[in-house]
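Notes for the structure review
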2 protein chains.
Amino acid sequence: MTSLITIPQTGKETRELIRAGQFRQPTSGAAPHFVQANVAILPKDVAFDFLLFCQRNPKPCPVVEVIEAGDVEAAITAPGSDIRTDVPLYRVYKNGEMVDEPDNLMDHWRDDLVTFLLGCSFSFEHALMANGIDLPYYGTERNVPMFITDIETEAAGQFSGPMVVSHRWIPQDKLVRAVQATSRFPGTHGAPIHIGDPSVIGISNIEKPDFGEVWEQSSDDQVAVFWACGVTPQSVAMSTKPELMITHSPGHMFVTDLKDEDLAVL
Amino acid sequence: MTSLITIPQTGKETRELIRAGQFRQPTSGAAPHFVQANVAILPKDVAFDFLLFCQRNPKPCPVVEVIEAGDVEAAITAPGSDIRTDVPLYRVYKNGEMVDEPDNLMDHWRDDLVTFLLGCSFSFEHALMANGIDLPYYGTERNVPMFITDIETEAAGQFSGPMVVSHRWIPQDKLVRAVQATSRFPGTHGAPIHIGDPSVIGISNIEKPDFGEVWEQSSDDQVAVFWACGVTPQSVAMSTKPELMITHSPGHMFVTDLKDEDLAVL
């Protein structure tokens, strides 16, 4: 007997189910081809520096929308949304320590909070798969392998630190296509930042990712390719131990009304 | 008898000549293929809102670099530069009125000023010309025609207003190429925002530009094409009558060390 689970087909449907308490799972697979976003919420007094950090590091930190202090609606990319209720699971950090993992922010909200919605890799992963590149973790419980590199981001105010990258094995004969397909999406990390030898960017062991799970090479014709990763801004912000910071819980993203193709520059 | 004028060949050379008082002219033609930037300098208390305005309107307001309050060096795109001395001519506005047009900012500088360097159309104009599209005003004293449209920008804080566009006549058989060539440069306005009938974007008379000079159609196979213009952020900021705002004088840009190709996403 198969249980019937409703998979929401649009960003708006997904947000409405979440808000009604009927969707508490990771959002991978929900609202196919709608843009999903990483969430970082910070007090207004550090918002300029964080926005500037994102501007200086557009590959790891592509800004989809900023919700200003006093507002809770992503009025441009998700009209009618409420950032306090429309993410399936949140994490609340005080001075760098996680203090709560709630399913809404009604008890934590303050009028001085600024919300940053940052592009995630789902959009360009669709583009890779559409070009015949297999991603074995896609649509499973597993996650892409991620590594802390020795590439320094451009600092802004108190924000600085190393770039985090995601790693994918790309067949030699799809390498050019992988660069082309992801270059179209600068708003969701864009072109790779490195192709080949991981040690060049400070990765000593490709089988020991810092986050996510290892993806084992299955054939000698696969080349290691690395893209800037949206974990970078969260890890950089967290390292400053802000008085209050709220994020989505991993995999539990904010789903917008934008389609992937809306973010393509070409 | 021809007088010999030294044309600086790099961004650094150009800035050094300007700083030494030996270059007081418009920068068009200087440092070919180096990225030139519009300059907007505002007090820190409105900097977050202005940066957010640029993030929300990347086509008219592509941010090349932001120099934080207390700093005067564009450390990322022009190491060793000094924004107070390295622009040939500035304009100083108080409460929306021009009060000075100095060749340096030593008498006007304050430690709370934040400098925004915004992409200009020179980079994509090189790309158009490289693709055989003639720009009759290029390298002359004349300027591209610019129009205020009825397209509203996305507001941020106190900043809002209509988008300004630049207009170019493109031969029918170069239309696709013009879109392709400029799409590569989202950091300098990117793809056109409109092709064809000017009235669709609120332009009633193509022979009466709001800024710059008219470009007369010379053949029936020319199509009107419109790109978002860097005059937009200046006109939007100025309309709020900020207590202090400093800009470059038209045509007298800040020249960076970036090459045009550094801004291509593809």
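None of these values were measured; they are calculated from a predicted model. Along each chain, numbering runs from 1 in the same order as the chain's sequence is written. Here every chain gets a letter starting at A, and every ligand a number starting at 1, in the order they are written. Selection of residues for local features in this predicted model requires a pLDDT of at least 70, selection of side-chain atom pairs for listing and counting requires 80 or more, and totals for whole chains, interfaces and linings are taken over all residues. Note that water and hydrogens are dropped before the side-chain values are worked out from all heavy atoms of the structure.

Some points on the confidence of the model for chain A
All names here are of chain A. Rules: pLDDT: the predictor's confidence for each residue, scored from 0 to 100. Put simply, DSSP H or I for four residues or longer makes a helix, DSSP E for two residues or longer makes a strand, and each gets a number counted from the N terminus.
Overall, the prediction assigns chain A a mean pLDDT of 93, with 98% of residues at 70 or greater. Per-element confidence in chain A is highest for strand β8 (residues 194–195), whose mean pLDDT is 98, and lowest for helix α3 (residues 122–130), whose mean pLDDT is 88. What the predictor reports for the complex is a pTM of 0.92 with an ipTM of 0.88.

Things to note about the sheet that holds strand β7 (residues 162–171) of chain A
Residue and element names in this part refer to chain A. Applicable threshold: A strand pair is defined by DSSP finding two or more bridges across the two strands. Should any heavy atoms of two residues lie within 4.5 Å, those residues are considered in contact. Here an axis means a line fitted to C-alpha atoms, over the contact stretch when the element is a helix, while the angle between two N-to-C directions is reported on a 0 to 180 degree scale.
What the four strands build is an open sheet, ordered β6-β7-β9-β8; its pairing is antiparallel. Each having just a single partner strand, β6 (146–152) and β8 make up the two edges of the open sheet. Pairing of β7 with strand β9 (residues 222–228), which is carried by seven bridges, proceeds in the antiparallel orientation. Note on β9: the bridge partner recorded for H167 is F226. Lying over the sheet, helix α4 (residues 175–183) contacts β7, β8 and β9, oriented at roughly 15° with respect to β9. Contacts between helix α5 (residues 231–239) and the sheet are confined to β6 and β7, with β7 contributing the most and set at about 155° to the helix.

Remarks on the relation of the copies chain B and chain A
Basically, it comes down to this: Least squares is used to superpose the copies, and the fit set is the C-alpha atoms of residues whose pLDDT is at least 70 in both copies.
Superposing chain B onto chain A requires a rotation of 180° together with a translation of 0.0 Å along the rotation axis, leaving an RMSD of 0.0 Å. Considering both components of the superposition, the chain copies are consistent with a two-fold axis. Across chain B, the smallest distance between a C-alpha and the rotation axis is recorded for F48(B), namely 2.5 Å. When the interface residues of chain B are mapped onto chain A, 100% of them again fall at the interface, so both copies present the same face.

What to know about the pattern of salt bridges
Basically, it comes down to this: For this analysis, a salt bridge means a side-chain nitrogen from Lys or Arg found within 4 Å of a carboxyl oxygen belonging to Asp or Glu.
Evaluated as defined, the whole model comprises 22 salt bridges over all chains. With a shortest N-O distance of 2.8 Å, D82(B) and R84(B) are connected by a salt bridge. Between E125(B) and R168(B) there is a salt bridge, with its nearest N and O atoms 2.8 Å apart. Taken together, the residues E125(B) in helix α3 (residues 122–130) and R168(B) in strand β7 (residues 162–171) connect sequence positions 43 residues apart. Salt bridges here are not isolated pairs; linked through shared partners, they connect R110(A), D112(A) and E243(A).

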